[in-house]
Amino acid sequence: MLEPGTTVRVRVPATSANLGPGFDTMGLALSLFDDVEARTVEKGFRAEITGEGANTLPTDGRHLVISQVRTHLARFGWDVPGLTLTAHNRIPHSRGLGSSAAAYVTAVLIANALLPAEEQASADELLQYTASLEGHPDNVAPALTGGLAVSWADDADHYRTVRIAPHASITPVVAIPELPLSTETARGLLPQQVNHSQAAANAGRAALLTHALSQDPSVLLPATRDLLHQDFREPAMPESLALMNALRAEGTAAVVSGAGPTVMALAVSPIEATSVRDTISAHIQSSTQRWTVEILPVATEGAKVEVFR
């Protein structure tokens, strides 16, 4: 049993996965953060939540971060007598900006920090565990590393990732709709098979996307063309697809963020980002729902952990 009196603070960035053709493999960290503080106490499990989920998430031991902290500690034979969690959630839930990945990363980093130093996990072990909880690495990898992450599973189902520094000019702009969309619903619309020509074309665009994001943003528009998932998901988020297609028709590299319904545009300067934000605002004026439009620079650093004993 771990002793009371330790405080762990974790800051985790939002992430945008897929980025068009990089389905389940690519993710970008964004400068929107959840801040969570966990303090070991003598007894009881309690969460204080502000921001996203303040009126809907459990505030006892059923809270996802608390339960996952205990689950992770139990893997090493440890537990805590009590835990008080203070969470300020800024990442929108079920909007395609990696809120569940942020929660899993937060929980595992808190648990890891509470363990004795000799039992703490390596960076690779943290990736394996968080990716297994999330089901894929495309969000957890950039949440851990910051920047652009390209991830995959090897023949032994071992998750791997490489961090790539995005081009300094790239400035994401996100349009976040009011209504959420579950990843399960969005994924359920995908076909079980696609034809060979679609797969080959998508592979070419994904390869180009890595170059565009890191070396030559001038080719971002063709590089973000997707043939595997976005169009199939249109029935679940018609306004998002309409916005994305309108922006692309105007020459802006726009994609569905993760499983949606957020739309992300990749501007190539802060000035262009302001212009894109204004363009998006004009497009959504007649929308049937409210949208939040924000410029979110790339988060060049991943999750941060502070420990106070």
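Figured I'd write up the structure that's included with this text. (Residues numbered from 1 in each chain as written. Predicted model: local features only at pLDDT ≥ 70, side-chain atom pairs only at ≥ 80, totals over all residues. Heavy atoms only, no water.)

### With respect to the side chain of His-136
We count it as follows: For the purposes of this entry, the term helix denotes a DSSP run of H or I that reaches at least four residues, the term strand denotes a run of E that reaches at least two, and both are numbered from the N terminus. Whenever a nitrogen or oxygen atom comes within 3.5 Å of another N or O atom, the pair is scored as a polar contact, on the condition that within protein one atom can donate a hydrogen and the other can accept it, and that pairs from neighbouring residues in sequence are kept only if both atoms are in side chains. By the convention used here, residues are in contact when the closest approach between their heavy atoms is within 4.5 Å.
With respect to the element layout, His-136 can be found in the loop between α3 (123-134) and α4 (140-145). A distance of 2.5 Å separates a polar atom in the side chain of His-136 from a polar atom in the side chain of Asp-138. Apart from residues no more than four positions distant in its own chain, His-136 is found in contact with Ala-131, Tyr-159 and Arg-187.

### Regarding unusual backbone geometry
For the bond from Gly-260 to Pro-261, the omega torsion is 5°, close enough to zero to count as cis. Within the element layout of this structure, Pro-261 appears in the loop between β8 (254-256) and β9 (263-267). With a phi close to 65°, Asp-24 is a non-glycine residue in the positive phi region. Here Asp-24 is to be found in strand β2 (residues 22-40). Despite not being glycine, Ser-94 shows a phi value in the positive range, around 55°. Tracing the sequence through the fold places Ser-94 in the loop between β4 (82-89) and α2 (99-114).

### Examining the packing of helix α1 (residues 64-75) against α2
Note the following rule: All axes are obtained by fitting lines to C-alpha atoms, using only the stretch in contact for helices, and the reported angles, taken between N-to-C directions, cover 0 to 180 degrees. For this classification, under 35 degrees means roughly parallel, over 145 means roughly antiparallel, 65 to 115 means roughly perpendicular, and everything else is oblique. Crossings are assigned a handedness: left-handed for a near helix turned anticlockwise from the far helix by less than a right angle, right-handed for a clockwise turn. All residues other than Ala, Val, Leu, Ile, Met, Phe, Trp, Tyr, Cys, Pro, Asp, Glu, Lys and Arg, Gly among them, are scored as polar; the first ten of these are nonpolar and the last four charged.
For the pair α1 and α2, interaxial distance at closest approach is 8 Å and the crossing angle is 45°. Considering their axes alone, α1 and α2 lie oblique with respect to each other. When you trace α1 past α2, the crossing you get is right-handed. Each of Leu-64, Val-65, Gln-68, Val-69, His-72 and Leu-73 in α1 lies in contact with α2, whose residues at this interface are Ala-103, Tyr-104, Thr-106, Ala-107, Val-108, Ile-110, Ala-111, Asn-112 and Leu-114. Considered class by class, the residues forming the contact of α1 with α2 number eleven nonpolar, four polar and no charged.

### Focus on the packing of aromatic side chains
Rule in force here: Pairing of aromatic rings covers Phe, Tyr and the six-membered ring of Trp, with a centre-to-centre limit of 6.5 Å; geometry is then stacked below 30 degrees between planes, edge-to-face above 60, and tilted otherwise. To sit over a ring, a charge needs its Lys NZ or Arg CZ within 6 Å of the ring centre and within 35 degrees of the ring normal.
Inspection of the entire model under this criterion finds zero aromatic pairs. Arg-11 extends its terminal NZ or CZ atom over the ring of Phe-33, reaching a point 4.6 Å from the ring centre. Sitting over the ring of Tyr-129, Arg-75 keeps its end group 4.1 Å from the ring centre.

### Considerations on the nonpolar core
Counted only if it meets this: Residue types Ala, Val, Leu, Ile, Met, Phe, Trp, Tyr and Cys, when buried and joined through side-chain atoms within 4.5 Å, form a set referred to as a nonpolar core. Buried means the residue's accessible area, taken with a 1.4 Å probe over protein chains only, is under 20% of the maximum for its type, while exposed means over 50%, and partly exposed covers the values in between.
Within the largest apolar cluster, 64 residues are counted, with the highest numbers of intra-cluster contacts made by Val-69, Ile-110 and Leu-213. Once residues within four sequence positions are removed from consideration, Ile-110 is found in contact with Val-8, Val-10, Val-36, Ala-38, Val-65, Val-69 and Leu-85. Counting 21 residues, the second-largest nonpolar core is a separate cluster that includes Met-237, Leu-247, Val-256 and Val-276.

### Remarks on helix α6 (residues 196-214)
Helical geometry: 3.6 residues make up each α-helical turn, so side chains three or four residues apart lie on a common side. So the rule is basically this: In this scheme, a helix's expected span is set at 1.5 Å multiplied by one less than its residue total. The arc refers to the directions leading from the helix axis to the C-beta atoms.
Between its first and last C-alpha, α6 extends 28 Å over 19 residues, near the 27 Å set by a 1.5 Å rise per residue. Those residues of α6 lying buried are Asn-202, Ala-206, Leu-209, Ala-212, Leu-213 and Ser-214. Angularly, the buried residues of α6 cover 160° about the axis, an arc narrow enough to put them on a single face. Residues of α6 that are exposed and angled more than 90 degrees away from the buried face: His-196, Ser-197 and Ala-207.

Keep in mind these numbers describe shape, not what the thing actually does.
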